[in-house]
Amino acid sequence: MSAPTLPPEPPLVQPEPEQGRRPDRGGGTTRLVRWLPVTVLVVLLSFLVVLPVGMLVYASFSDVAPRPGAEPSFTLDNYRGLLTPGVGSALLNSVLVSLGGTVAALVMGGGLAWLVTRTNVPCKRLLQVAGIAPLFISSMIGALAWALLSSPRTGYLNQALVALGIPFTFNVYSLTGMILVFGLYYAPYAFMFVQSALSLMNPELEEAGEAHGATKVRVARRVSFPLIKPAVMGAAILVFVLIFENFPIPTILGARERVDTIPSQIYRLIVSAPPDANRAASLGMILMAIMVTLVYIQRRVLAAREYTTVSGKGFKPRVNDIGRWKWVGLGAGLAYLFLAVVLPAFALLQSSLRSHQYIGSFADLFVLSDLSPDAFTSMLTYGPFQLGLRNTLILGVLTAVIGGLLHFVLAYTVLRTRSPGRGLLEYLAMAPVGIPALVIGMGFLWGWTTLDLLPIYGTLVILALAYIARFMPQGFRGVASSITQVHPDLEDSAIVSGANRIRAVWRITLPLIRVGVVSTMLLLFILSMRELSTSIFLFSAETRILSVVIFEQWESGRWPRAAAISIIYSSLLMVLTVISRKWFKTEG
Amino acid sequence: MPTRTTPAHAAPPAAAGPADGGHGRSVRMRGLRKTFGSAVAVKSLDLDIGAGEMLVLLGPSGCGKTTTMRCVVGLEEPTEGRIEIGGDAVFDARTHMSVPVHKRNVGMVFQSYAIWPHMTVAENVAFPLQMKGLGRREIAAEVERTLELVGMEAFGERPASKLSGGQMQRVALARSVAMRPGVLLLDEPLSNLDAKLRDRLRFELRDLQQRVGITAIYVTHDQSEALALADRVAVMRDGEIVQLAPPLELYRNPCNTFVADFLGVDNLFPVERVTDDDGAPGVRLTGHGLVLRTGQEVPAGSGLHACIRPEHVRVFSAAPGGENVAAGRVRVASFLGSQMRYEIDLGDDLVVHAACPAEDDAMLREREAVWIRIDPARVQVLAEDAAPAGDTR
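Residues numbered from 1 in each chain as written. Chains lettered and ligands numbered in written order. Predicted model: local features only at pLDDT ≥ 70, side-chain atom pairs only at ≥ 80, totals over all residues.

**Topic: the overall build of chain B**
So, point 1. Summing up its helical and strand segments, chain B has eight helices and 21 strands in all.
So, point 2. With the principal axes as the frame, chain B shows a C-alpha extent of 80 × 50 × 40 Å.
So, point 3. Here chain B holds 393 residues, and the buried ones make up 44% of them.
So, point 4. Once local pairs closer than 6 in sequence are excluded, the contacts in chain B between residues at least 24 apart make up 68%. (Helix = DSSP H or I, 4+ residues; strand = E, 2+ residues; numbered from the N terminus. Buried ≥ 20, exposed ≤ 12 C-beta atoms within 10 Å, placed from the backbone. Contact = placed C-beta atoms within 7 Å.)

Encoded structure:
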């Protein structure tokens, strides 16, 4: 794993796994044995993927919200209802925010990746951490912290500007504010993708350019950049998609000035009284259509990437001496760390420690007598927090264990068997890349309440299943990439040695990919802990999770509590990640 | 072990079996065909391998040799045909029977070695024995014995990931020998090693196979490996066996230009038949005036080629007497240690390769004027696609 903390979220940018030789395991198998596992998997994935999307389509053409006993009739009114200036401006805002956020994320994350990987910038390890650390802060908490820092009059940062006598106010409740926050918290994705593209490039390709008479600048322009361009483009589209479907940031930062995006509008349509499920569904369809289109384009872009990574082997990348600019680079990296982690942490701490949020001036921030740890100590007796913490951990474990098992069986079937229908399986497993998290939440809600197959609505099970569906591309890719690293001969030779298939997998393949599978499970665990967008439609009083608790505290304006839980929550994420990283180091 | 052979098929040499009654079994393939979609990997293969015989499948990549082997072990399922091991069918397309891979008792050494890196050397070798359900003590003794056989007895406790290429090779061999397979398959096992080690292991492999008395199918694209190891060589092209013969016979009498070319005959010239005034057989090199007399009659057929081994081209610095003499000039002279190799330009774009023992004092230099002479008995004329004489396939 090249990224030291979180393994890179790999759904789209990884090249198709190399298709190893598929051993013919026809020997003695009957038709039933051949079809049974695939059929079971297809049915399972249909519940996870096809059902929520189907419910969305259904609701978008229906005149009543999906619920048991409803008698819907077909209508196009939901789509006609979208032709309003409100939706138009939300769409425009979505595009603007995503474009701006993507550019900002690429400049910050990509620039930092280049500095760390290809230059002699000092303090590389620190900058490497800086590139990834903001992942501990979920986008919701980033938005909350920046709301504290930069709300027009009371924001700590604006107070500081006043104190310094600078006549300038940065209002985070604006498009620019959203773009900045998106840029800060999506930069780690750009960082990971660009870094992996840069370190996968064979330095001999550049050396050959120099040997054939090109200057360093020309090598960069004619060789290096064209080689990583597809990867960067792919990363850009991915970041765009992630921002485009993000719901917490525009909800938190757009509420005050009514700056709507498509996801925040969907959320409002569902939670408004009375809810307008059908219009929300049609809006979800628009969101999904755009995402699917973008993902398709991204795949096309990446198909051209094959030449980039001439070999998947890690090279020691060439390091360029950038002279005195390295201090500028270090400064920029530290500035990013400051803006994305240090300042927000400071703001959350400040807010959590004061019962009265109002401060008259910047200097008041440092009056220690105003501070009290009440918000933290009250957590010891605050029921929703304790319930949320427990549920969050249980869900993380459920998602990681069930998901890990499912993804292993899936990836093994797709990569190492000649089962019919494995192409369909891979397609279904990767499909959630194009499905907005909100849509998965709505789809599960409508699907499981309407069909009434199993009484899982309102339990943690439905949340775990929704998480597994949402993170299936990451989980599947994670396990698949470790399976492809194991030569098929290794398992074949066990079978030749007299082991049946299950024994060969148990004794050979599983032990060999253990590290990859466990790290994918940890990724699933951490992703589940950060989840909000899918859960927001699925939680019940008994199944609140931490992110929902924080969101509710914000909605009801209880800042100290929201900030305190945010700090505990982010620290927990950080500790878990650091521990797992340590553990993997010793594991080799 | 009763070895049933059908007279219609080139029978394996009777003497191939080991003296000490090894556990090798015979293999018989009939009408073996394997297609991948529309691509035909193996056309229709009939092949008999005697108990204790080492058969080498030789051919360029994509000729179907590895597919054939994987069909025998069961990692590929043939589209058509029947495979028997020791007289018992392990696969028959007509009756839809197929013994699962893990029950065929066929050992295999993979090109990648496929040594399990998470186990020690001893654990690797013990694995097939554990699968057979042998007792702990029995396994330990067998592992030790087998590791001794390949000279790896000192490495039993070493993690398998900390081995060199040659050591991995030996472990892979030990692992597949330990299970006492009826047939041992070797898929280019030496191709990932450096030249020196390859030469040494080649000898060891042949020695081991003879001592254990195992039936072996060995796949390679390296002709010298094939000639050195085989009891018989099957040269394959496009999913078919072109020629099946013991190494010496194959070397001396390649049946067509493909085989000759694959066996490393450097001098292959397109020719046409000529009849001399005195009726002696001969050929004229196409596009060149040179006429060569041949030892035997020139066969009929199209696409005739004269085929002359470099060591049969004699080089002189003064004009010699005799037949098949031509004047030329040394273009490249290269010293290969045991021999000198020359490329001699005979004019009109005709370059002849010659090999001379290097002890000859008379080393020639580049651009020097020389004469060559080729014994008519050494000029073989082959058709492009002829089947070997006496082949009844």
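**Notes on the overall build of chain A**
So, point 1. Broken down by element type, chain A carries 23 helices and zero strands.
So, point 2. For chain A, whose C-alpha radius of gyration is 25 Å, the value lies close to the compact-globule estimate of 25 Å for 588 residues.
So, point 3. A principal-axis box enclosing the C-alpha atoms of chain A has dimensions of 80 × 75 × 50 Å.
So, point 4. Per-residue burial for chain A yields a buried fraction of 52% across its 588 residues.
So, point 5. The contacts of chain A with a sequence gap of at least 6 include a subset with a gap of at least 24, amounting to 80%. (Rg over C-alpha atoms; globule rule 2.2 N^0.38 Å.)

**Overview of the pairing of strand E16 (residues 313–316) of chain B**
Residue and element names in this part refer to chain B.
So, point 1. In E16, alternate side chains face the same way, and those of Val313 and Val315 are buried while those of Arg314 and Phe316 on the opposite face are not.
So, point 2. Looking at chain direction, E16 and strand E20 (residues 369–374) are connected through four bridges and run antiparallel. Residue pairing across strands places Phe316 opposite Trp371, the latter belonging to E20. (Pairing = 2+ DSSP bridges.)

**Side note on the interface of chain A and chain B**
So, point 1. Contacts between chain A and chain B engage 20 residues on the former and 24 residues on the latter.
So, point 2. Of all the elements in the fold, those that place two or more residues in the side of chain A that touches chain B are helix H20 (488–496) and helix H21 (501–530) of chain A.
So, point 3. Tallying contributions element by element places H20(A) first for the side of chain A that touches chain B, with seven residues.
So, point 4. Class assignment of the residues belonging to the side of chain A that touches chain B gives a composition of nine nonpolar, eight polar and three charged. (Nonpolar A, V, L, I, M, F, W, Y, C, P; charged D, E, K, R; others polar.)

**Concerning the UniProt feature "domain: ABC transporter" (unreviewed entry) in chain B**
So, point 1. The UniProt record marks residues 27–263 of chain B with the feature "domain: ABC transporter" (unreviewed entry), using the residue numbering of this structure.
So, point 2. Counted over residues 27–263 of chain B, helix gives 36% and strand 28%. Its end C-alpha atoms are 26 Å apart. (UniProt positions renumbered as here; feature names shortened; annotations may be inferred.)

**Concerning the packing of helix H12 (residues 277–303) of chain A against helix H17 (residues 437–451) of chain A**
How two helices sit against one another is set out by the angle between their axes and by the gap between those axes.
Residue and element names in this part refer to chain A.
So, point 1. H17 packs onto H12 with a crossing angle of 140° between their chain directions and a minimal axis gap of 10 Å. Our classification of the angle between H12 and H17 gives oblique. Handedness of the crossing formed by H12 with H17: left-handed. Of the residues in H17, those in contact with Ala280, Ala281, Gly284 and Met288 of H12 are Leu438, Val439 and Met442.
So, point 2. Among the residues making up the contact of H12 with H17, the classes are represented as six nonpolar, one polar and no charged. (Axes fitted to C-alpha atoms, helices over the stretch in contact; angles between N-to-C directions. Parallel < 35°, antiparallel > 145°, perpendicular 65-115°, else oblique. Left-handed = near helix turned anticlockwise from the far one by under 90°.)

**Quick look at the domain arrangement of chain B**
So, point 1. Its domain assignment divides chain B into domain 1 (7–105 + 181–257) and domain 2 (265–382).
So, point 2. Domain 1 of chain B and domain 2 of chain B are separated by 36 Å when their C-alpha centres are compared. (Domains from an automatic or database assignment.)

**Observations regarding the environment of Phe362(A)**
Residues and elements named next belong to chain A.
So, point 1. Along the polypeptide, Phe362 turns up in the loop between helix H13 (325–353) and helix H14 (374–377).
So, point 2. In sequence terms Phe362 and Ala160 are 202 residues apart; their C-alpha atoms lie 5.3 Å from each other.
So, point 3. Setting aside its immediate chain neighbours within four residues, Phe362 contacts Gln159, Ala160, Val162 and Ala163.

**Let's talk about the UniProt feature "domain: ABC transmembrane type-1" (unreviewed entry) in chain A**
So, point 1. Residues annotated in UniProt with the feature "domain: ABC transmembrane type-1" (unreviewed entry) correspond here to residues 91–298 and 389–580 of chain A.
So, point 2. The annotated region residues 389–580 of chain A carries 77% helix and 0% strand content, and the separation between its end C-alpha atoms amounts to 19 Å.

**What to know about the nonpolar core**
Residues and elements named next belong to chain A.
So, point 1. Counting 284 residues, the largest nonpolar core has Val181, Phe182, Ala190 and Val239 as its most contacted members.
So, point 2. Tallying contributions element by element places helix H7 (residues 175–200) first for this core, with 18 residues.
So, point 3. Beyond its immediate stretch of four places on either side in the chain, Val181 contacts Gly142, Ala143, Trp146, Val172, Ile249 and Leu253. (Core = buried A, V, L, I, M, F, W, Y, C linked by C-beta atoms within 7 Å.)

**Overview of the pairing of strand E1 (residues 27–36) of chain B**
Residues and elements named next belong to chain B.
So, point 1. The pairing of E1 with strand E4 (residues 80–85) spans five bridges and is classified as antiparallel. Paired with Arg30 across the bridge in E4 is Arg82.
So, point 2. For E1 and strand E2 (residues 39–49), the ladder comprises seven bridges, and the chain directions are antiparallel. Bridge pairing in E2 links Arg28 to Asp48.
So, point 3. Between the end of E1 and the start of E2, which pair antiparallel, lie two residues, with Gly37 showing a positive phi angle near 60°.

**Section: unusual backbone geometry**
So, point 1. The step from Ala273(A) to Pro274(A) runs through a cis peptide bond, and the omega angle for that step is -5°.
So, point 2. With a phi angle near 55°, His96(B) is a residue other than glycine that sits in the positive phi range.
So, point 3. As for its position among the elements, His96(B) is in the loop between strand E5 (88–92) and strand E6 (97–98).
So, point 4. Taking the number of C-beta atoms within 10 Å as the measure of exposure, His96(B) has 10 and is therefore exposed.
So, point 5. Of note, Ala114(B) is a non-glycine position whose phi angle comes to about 55°, a positive value.
So, point 6. Here Ala114(B) lies in the loop between strand E7 (106–109) and helix H2 (121–131).

**Notes on the sheet that holds strand E15 (residues 305–308) of chain B**
The pairing of strands in a sheet happens through backbone hydrogen bonds and is either parallel or antiparallel.
Residue and element names in this part refer to chain B.
So, point 1. Sheet architecture is open: five strands sit in the order E14-E13-E12-E15-E21, paired in antiparallel fashion. The open sheet has two edge strands with one neighbour each: strand E14 (291–293) and strand E21 (380–382). Pairwise comparison of adjacent strand axes, ignoring direction, gives a mean angle of 45° for this sheet.
So, point 2. As defined by bridge partners, strand E12 (residues 267–275) adjoins E15 across four bridges and the pair is classed as antiparallel. Bridge assignment links Asn267 to a residue of E15, and that residue is Ile308.

**Describing helix H3 (residues 136–149) of chain B**
All names here are of chain B.
So, point 1. A rise of 1.5 Å per residue sets the reference length of H3, with its 14 residues, at 20 Å; its end C-alpha atoms lie 20 Å apart and thus fit the reference within 8%.
So, point 2. If you check which residues of H3 are buried, you get Ile139, Val143, Thr146 and Leu147. Summarising the axial view, the buried residues of H3 lie within an arc of 100°, below the 170-degree limit, and thus occupy one face. Residues of H3 that are exposed and point over 90 degrees away from its buried face: Arg137, Glu138 and Glu148.
So, point 3. The inward-facing, buried residues of H3 abut H2 and helix H4 (165–178).
So, point 4. Positive backbone phi, approximately 70°, marks Gly151, located one or two places after H3. (Expected span 1.5 Å × (residues − 1). Arc of directions from axis to C-beta.)

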